[in-house]
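# Descriptive structure summary
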Amino acid sequence: MAIKLKFSIYNKAEDKIKEILELEVNAKLNEIEEAVVPLTPVGKSKKGYTGGRLKKGWAIIPAKLNGRKIVGYIYNSVEYAGHVNYGHRTRLGTSEIKRGAKSKAFGKHYIEGVYFVEEALIKVGLRKRLVKKKAFYNARRIK
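Just so we're clear, the structure is a prediction, and the values are computed from it rather than from any experiment.

Criteria and cut-off values
- Residues numbered from 1 in each chain as written.
- Predicted model: local features only at pLDDT ≥ 70, side-chain atom pairs only at ≥ 80, totals over all residues.
- Heavy atoms only, no water.
- Pairing = 2+ DSSP bridges.
- Helix = DSSP H or I, 4+ residues; strand = E, 2+ residues; numbered from the N terminus.
- Salt bridge = Lys/Arg side-chain N within 4 Å of Asp/Glu carboxyl O.
- Buried < 20%, exposed > 50% of the residue type's maximum accessible area, 1.4 Å probe, protein only.
- Core = buried A, V, L, I, M, F, W, Y, C linked by side-chain atoms within 4.5 Å.
- Contact = heavy atoms within 4.5 Å.
- Phe/Tyr/Trp six-rings, centres within 6.5 Å; stacked < 30°, edge-to-face > 60°.

Turning next to the pairing of strand β2 (residues 69-76). Bridging between strand β1 (residues 58-66) and β2 involves 7 bridges; their strand directions are antiparallel. Note on β2: the bridge partner recorded for I60 is I74. Taken together, β1 and the strand that follows it, β2, pair antiparallel across an intervening segment of 2 residues, in which G67 is found at a positive phi of about 75°.

Right under this line is the structure:
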């Protein structure tokens, strides 16, 4: 009775390379999170209360091998994050408001975006094209 052991150095090297790349991607995700959180705006109400929900909503999904790519995500689970980042239309821009009603947008048809995610990517040294607009609006589905 003979037992044949097949050992390949390539399998070990491939696993080590995958592990190193996952660590690199996770380090970059943490760097992006450290850059984007301070740039995230905090809302203030008319009564003087300050928000912070948008700033606290950032989270990371660690990098994993997905097919032939190593993929990790940084996302904001707050539903209006995309509207703050990219800007949005107001009700004044689409339909009439009842007489006597005050709009929260103070007569503006469009509120400009802050683009804090793009600024963070530039600060970290990545391209702005890495941000996918659809992913921003579908962040709640990533969880």
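More follows now that the structure is in view.
Further remarks concern the pattern of salt bridges. With the rule as written, the count across this model stands at 3 salt bridges. For E14, the salt bridge identified is with K18, shortest N-O distance 3.2 Å. Pair noted here: E14 and K18 are both in helix α1 (residues 9-39), with a separation of 4 residues, about one helical turn. On the accessibility criterion, K18 (28% relative accessible area) is partly exposed. Of the charged contacts in the structure, one is a salt bridge between R53 and E79, with a shortest N-O distance of 3.3 Å. Of the two residues, R53 is situated in helix α2 (residues 53-56) and E79 in the loop between β2 and α3 (81-86); the sequence distance between them amounts to 26 residues. We classify E79 as partly exposed; its relative accessible area is 40%.

The next subject is the nonpolar core. Judged by nonpolar contacts, I32, A35, V36, L54, W58, V78, A81, F116, V117, A120, L121 and V124 together constitute the single largest core of 12 residues. Sorting the residues of this core by element identifies α1 and α5 (116-124) as the ones contributing at least two each. Take this core: its biggest share by element is 5 residues, from α5. Those residues within four positions of A120 in sequence are excluded, and the remaining contacts are A35, V36 and L39.

In the structure shown here, the tally under the stated rule is 2 aromatic pairs. Pairing W58 with F116 gives two aromatic rings, centres 6.2 Å apart and planes at 85°, and the pair type is edge-to-face. In this pair, W58 is assigned in strand β1 and F116 in helix α5, connecting sequence segments 58 residues apart. Each member of the pair, W58 as well as F116, carries the same accessibility label: buried. Seen from their ring centres, Y86 and Y115 are 6.3 Å apart, and the 75° between their planes marks the pair as edge-to-face. Highlighted residues: Y86 in helix α3 and Y115 in the loop between β4 (110-112) and α5, separated in sequence by 29 residues.

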